[in-house]
Amino acid sequence: MQGIYTVLLLLASNIFMTLAWYGHLKMAEFSWFKALPLIGVIAFSWGIAFFEYCLQVPANRIGFEGNGGPFSLMQLKVIQEVITLVVFVLFSVMAFHMQIRWNHIVAALCLVLAVWFVFGFK
């Protein structure tokens, strides 16, 4: 169960991270947000990023084998990166109507290989 909790917490964490890092680009469509000075946009993003850390830190503590979890440090990082890119792709397609191209698919396959290499050779 620790592995499932870790992945779910990392997924939720990365949703907040993506909103903090890229959500302000979409929010600029609103006049009240566009009028904010840069420091206001940074504060807005930090407010969102707070929740990312509230989820990511427990995910790593629960999932890390040094704390009794099922994942090595390298495995945690690869899981997090894969989740980050999946969440980002979904966000960019839904919020910005980005098109998925062949090179994006090849990059995704490389990530699958990265997961295989990290989990396949212990």
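The preceding data block contains the structure.
Here is what the cut-offs are and how they apply
- Residues numbered from 1 in each chain as written.
- Predicted model: local features only at pLDDT ≥ 70, side-chain atom pairs only at ≥ 80, totals over all residues.
- Heavy atoms only, no water.
- Helix = DSSP H or I, 4+ residues; strand = E, 2+ residues; numbered from the N terminus.
- Buried < 20%, exposed > 50% of the residue type's maximum accessible area, 1.4 Å probe, protein only.
- Axes fitted to C-alpha atoms, helices over the stretch in contact; angles between N-to-C directions.
- Parallel < 35°, antiparallel > 145°, perpendicular 65-115°, else oblique.
- Left-handed = near helix turned anticlockwise from the far one by under 90°.
- Contact = heavy atoms within 4.5 Å.
- Nonpolar A, V, L, I, M, F, W, Y, C, P; charged D, E, K, R; others polar.

Turning next to the environment of Gly120. Positionally, Gly120 belongs in helix H5 (residues 102-120). With relative accessibility at 45%, the residue Gly120 sits in the partly exposed group. Sequence separation of Gly120 and Ser31 is 89 residues, and the distance between their C-alpha atoms is 50 Å.

For the pair helix H4 (residues 73-96) and H5, the least separation of the axes is 10 Å and the interaxial angle reads 165 degrees. In terms of axis orientation, H4 runs roughly antiparallel to H5. Between H4 and H5 lies a crossing of left-handed hand. Side by side, H4 and H5 meet where Met74, Gln75, Val78, Ile79, Val82 and Leu85 of the first sit next to Leu111, Ala114, Val115, Val118 and Phe119 of the second. Its residues placed into classes, the contact of H4 with H5 shows 10 nonpolar, 1 polar and no charged.

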